[in-house]
Amino acid sequence: MSYEPSKVIRETLQTAGNALDGYFSIKVAGDTFGLPVTKVQTIFRIGSVTPAPGGPPDIVGLVNLRGKIVTAVSLRRRLGLEPEAGGSGSLAIGIEHHKESFALLVDEVGDVLTLTADNSIAPPPHIGRRRARFASGYNRVGGQILPLLNVDAVFDFSEEKI
């Protein structure tokens, strides 16, 4: 099953007014994050995963997305959380980043949120360095603090030790 968010994205961005942008709410290990809708190509369930030995531990393997081989990355592992199985049936978000295709494994994909600059907040002081590098900002939504996912950092493996 595949979900093409393009119509939802266009409608959300057109009505957003002074919005920062449209963001999908995504969940991993019970934590909610905002993912810019402009980064999302598709949302799908993984059919099967081919292991990719020798890569960073955050890379689950390779998956087939409509005939294209893409790298599956675990957001749980990137954030230093308890890893998921990452196999068949896992929920993934198709993202193209610097001309490379990825499948970002998440637990849930929620609604499209319209965030405003008025609700932006400074980074909370208790956030650890590892997790803070994956946030491009923070927004207050319904009494909760929503970290906005920094897609550049999620797919930057240059600092990883192999």
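Note that this is a predicted model, so its numbers are computed, not measured. (Residues numbered from 1 in each chain as written. Predicted model: local features only at pLDDT ≥ 70, side-chain atom pairs only at ≥ 80, totals over all residues. Heavy atoms only, no water.)

(A) Region of the structure containing the pairing of strand 7 (residues 91-97). Burial analysis of strand 7 places six of its seven residues in the buried class, the great majority of the element. One ladder, built from five bridges, connects strand 4 (residues 40-45) with strand 7; its direction is antiparallel. The residue bridging Thr42 from the neighbouring strand is Gly94, located in strand 7. Pairing of strand 7 with strand 8 (residues 100-106), which is carried by seven bridges, proceeds in the antiparallel orientation. Paired with Glu96 across the two strands is Ser101, which belongs to strand 8. The hairpin turn running from strand 7 into strand 8, its antiparallel successor, is two residues long, and His98 in that turn takes a positive phi close to 50 degrees. (Buried < 20%, exposed > 50% of the residue type's maximum accessible area, 1.4 Å probe, protein only. Helix = DSSP H or I, 4+ residues; strand = E, 2+ residues; numbered from the N terminus. Pairing = 2+ DSSP bridges.)

(B) Focus on the packing of aromatic side chains. Scanning all chains against the criterion turns up one aromatic pair. Ring centres of Phe102 and Phe155 lie 4.2 Å apart, and the angle between their planes is 20 degrees; on these two criteria the pair is classed as stacked. Separated by 53 residues along the polypeptide, Phe102 in strand 8 and Phe155 in the segment after helix 4 (151-154) bring together distant segments of the chain. Phe155 matches Phe102 in its accessibility class, with the two residues each being buried. (Phe/Tyr/Trp six-rings, centres within 6.5 Å; stacked < 30°, edge-to-face > 60°.)

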